[in-house]
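Take a look at the letters that make up each chain.
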Amino acid sequence: GAGVSQSPSNKVTEKGKDVELRCDPISGHTALYWYRQRLGQGLEFLIYFQGNSAPDKSGLPSDRFSAERTGESVSTLTIQRTQQEDSAVYLCASSSTPSGTEGNGYTFGSGTRLTVV
Amino acid sequence: QKEVEQNSGPLSVPEGAIASLNCTYSDRVSQSFFWYRQYSGKSPELIMSIYSNGDKEDGRFTAQLNKASQYVSLLIRDSQPSDSATYLCAAYNFNKFYFGSGTKLNVKP
C-alpha cells in the first residue's frame, strides 16, 4: 500500500481481556517497529523486526506482550490480560533499511488508540 | 543514560521568530539523524534527515549536526502558529532507531 496501515484505529477493552493490534507496512519495507506512546509522553520502543532475522524484543514491558511478523508483511501485536496501564497509542512504523545515506527514516501508521477500562 | 535526549519544553516563540530545537545523543547512536514533527493526536511525520557534519537546509528548516559534540539541532525560521507541535529527534545506528521524548513547541501569534 501507499502507507503504513494500522487497525483498529480505536479499541476499548475490559481489563483482563486480550487484544490484537495489526500493522500492514509499506510494501518492500524490511524493517518494522512497534512503539507505545502514553498521553503526553514520548515514544517507547517495544519491538523491532528486520527481514527474517530474530526480532529485537528488548522493549516489550512484560511477558503479556508479544508480536509476530510473517516475512516482510503484516505484523500483529498481542497484549494478553490487559491492564489499565496498557492504555496508550500503539504506533507501528516501517522503513527500508538505511545504508548510511540521508533521506530514509520511519513512516508511521496512524496508530491504534487502546483504552483499557 | 538514554541514547537520545531532548528538553521536553514547552518552547515558546513569537510568530516570525527562529525556533531552535536541540538534541544530544550518546556514543552508541552516531550514524544518521532525523527530525519528526508530531501534531497532537497524530502520528509523527518526517521533516528532515542529516548524516554529515554541518548544516542542511530545506525551506524554513535547517538541521545542524555536530558529531564531535554529539548534538543535532533543528532551526525553524519565520515560525508560524502551524509549526506548533512536538518535535522528535531520532538517531539511527546498526539497524535501530532511537527516539528522544520530544520537545513541545508553541508558536504564539
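Provided above is the structure to which this section pertains.
Read on for an overview of the structure.

Cut-offs applied
Residues numbered from 1 in each chain as written. Chains lettered and ligands numbered in written order. Predicted model: local features only at pLDDT ≥ 70, side-chain atom pairs only at ≥ 80, totals over all residues. Heavy atoms only, no water. Helix = DSSP H or I, 4+ residues; strand = E, 2+ residues; numbered from the N terminus. Buried < 20%, exposed > 50% of the residue type's maximum accessible area, 1.4 Å probe, protein only. Contact = heavy atoms within 4.5 Å. Areas by Shrake-Rupley, 256 points an atom, 1.4 Å probe, with all protein chains shown as cover. Lys, Arg positive; Asp, Glu negative; His and termini not counted. Charge placed at Lys NZ, Arg CZ, Asp CG, Glu CD. Phe/Tyr/Trp six-rings, centres within 6.5 Å; stacked < 30°, edge-to-face > 60°. Core = buried A, V, L, I, M, F, W, Y, C linked by side-chain atoms within 4.5 Å. Pairing = 2+ DSSP bridges. Axes fitted to C-alpha atoms, helices over the stretch in contact; angles between N-to-C directions. Buried area = accessible area lost by both parts, 1.4 Å probe. Salt bridge = Lys/Arg side-chain N within 4 Å of Asp/Glu carboxyl O. Nonpolar A, V, L, I, M, F, W, Y, C, P; charged D, E, K, R; others polar.

Remarks on the overall build of chain B
Phase 1 of the analysis: Along chain B, the regular secondary structure elements total zero helices and 11 strands.
Phase 2 of the analysis: For chain B, the spread of C-alpha atoms along the three principal axes comes to 40 × 30 × 20 Å.
Phase 3 of the analysis: Within the span of chain B, comprising 109 residues, buried residues form 44% of the whole.
Phase 4 of the analysis: Intrachain contacts of chain B at a sequence separation of at least 6 include 54% that bridge at least 24 residues.
Phase 5 of the analysis: Total accessible area computed for chain B in this model is approximately 5100 Å², and 46% of it derives from carbon and sulfur atoms.
Phase 6 of the analysis: In chain B, 11 side chains carry a positive charge and 10 a negative one; their mean positions are 6 Å apart.

Remarks on the packing of aromatic side chains
Residues and elements named next belong to chain A.
Phase 1 of the analysis: Evaluated as defined, the whole model comprises nine aromatic pairs over all chains.
Phase 2 of the analysis: On the basis of an interplanar angle of 70 degrees and a centroid distance of 6.0 Å, the ring pair of Y35 and F45 is categorised as edge-to-face. Remark: F45 occurs in strand 5 (residues 44-50) and Y35 occurs in strand 4 (residues 31-37); sequence separation between them is 10 residues.
Phase 3 of the analysis: With relative accessibility at 1%, the residue Y35 sits in the buried group.
Phase 4 of the analysis: Judged by relative accessible area, which is 17%, F45 ranks as buried.
Phase 5 of the analysis: Judged by centre distance (6.4 Å) and plane angle (50 degrees), the rings of Y35 and F108 are tilted. You can see Y35 sitting in strand 4 and its partner F108 sitting in strand 9 (residues 107-108), a full 73 residues away along the chain. Both residues of the pair, Y35 and F108, belong to the buried class.

Some remarks on the nonpolar core
Residue and element names in this part refer to chain B.
Phase 1 of the analysis: The biggest cluster of nonpolar side chains holds 23 residues, and the ones touching the most others in it are F33, W35, V72, L74, I76, Y87 and L105.
Phase 2 of the analysis: Secondary structure elements with two or more residues in this core: strand 3 (19-25), strand 4 (32-38), strand 5 (45-50), strand 7 (61-66), strand 8 (71-76), strand 9 (85-93) and strand 11 (103-108).
Phase 3 of the analysis: Ignoring any residue separated from it by four or fewer positions in sequence, one finds L105 in contact with L11, V13, A19, I76, D83, S84, A85 and Y87.

Some words on the sheet that holds strand 6 (residues 54-58) of chain B
All names here are of chain B.
Phase 1 of the analysis: Taken together, five strands build an open sheet; the order of strands is 1-3-8-7-6 and the sheet is antiparallel. Here the strands that pair on one side only, and so sit at the sheet edges, are strand 1 (4-6) and strand 6. If you compare each strand with its neighbour and ignore which way they point, the axes differ by 20 degrees on average.
Phase 2 of the analysis: Note that strand 3 and strand 8 share six bridges and pair antiparallel. Paired with N22 across the strands is S73, a residue of strand 8.

Focus: the interface of chain B and chain A
Phase 1 of the analysis: Listed per partner, the contact involves 20 residues of chain B and 24 residues of chain A.
Phase 2 of the analysis: Counting the surface lost from both chain B and chain A, the interface buries some 1700 Å², and carbon and sulfur atoms represent 56% of this.
Phase 3 of the analysis: Where chain B touches chain A, the interface holds zero salt bridges.
Phase 4 of the analysis: Elements with a minimum of two residues in the side of chain B that touches chain A: strand 4, strand 5, strand 9 and strand 10 (96-99) of chain B.
Phase 5 of the analysis: Sorting elements by how many residues they give to the side of chain B that touches chain A places strand 4 of chain B first, with four residues.
Phase 6 of the analysis: For the side of chain B that touches chain A, the class distribution of residues is 10 nonpolar, eight polar and two charged.

Examining the sheet that holds strand 7 (residues 75-79) of chain A
All names here are of chain A.
Phase 1 of the analysis: On the basis of which strands lie adjacent, the open sheet formed by four strands has the order 1-3-7-6 and antiparallel pairing. Of all strands in the sheet, those bounded by a partner on one side alone are strand 1 (5-7) and strand 6 (65-69). This sheet shows a mean twist of 15 degrees between the axes of neighbouring strands, independent of strand direction.
Phase 2 of the analysis: Here five bridges tie strand 3 (residues 19-24) to strand 7, and the two strands are oriented antiparallel to one another. Note on strand 7: the bridge partner recorded for L21 is L77.

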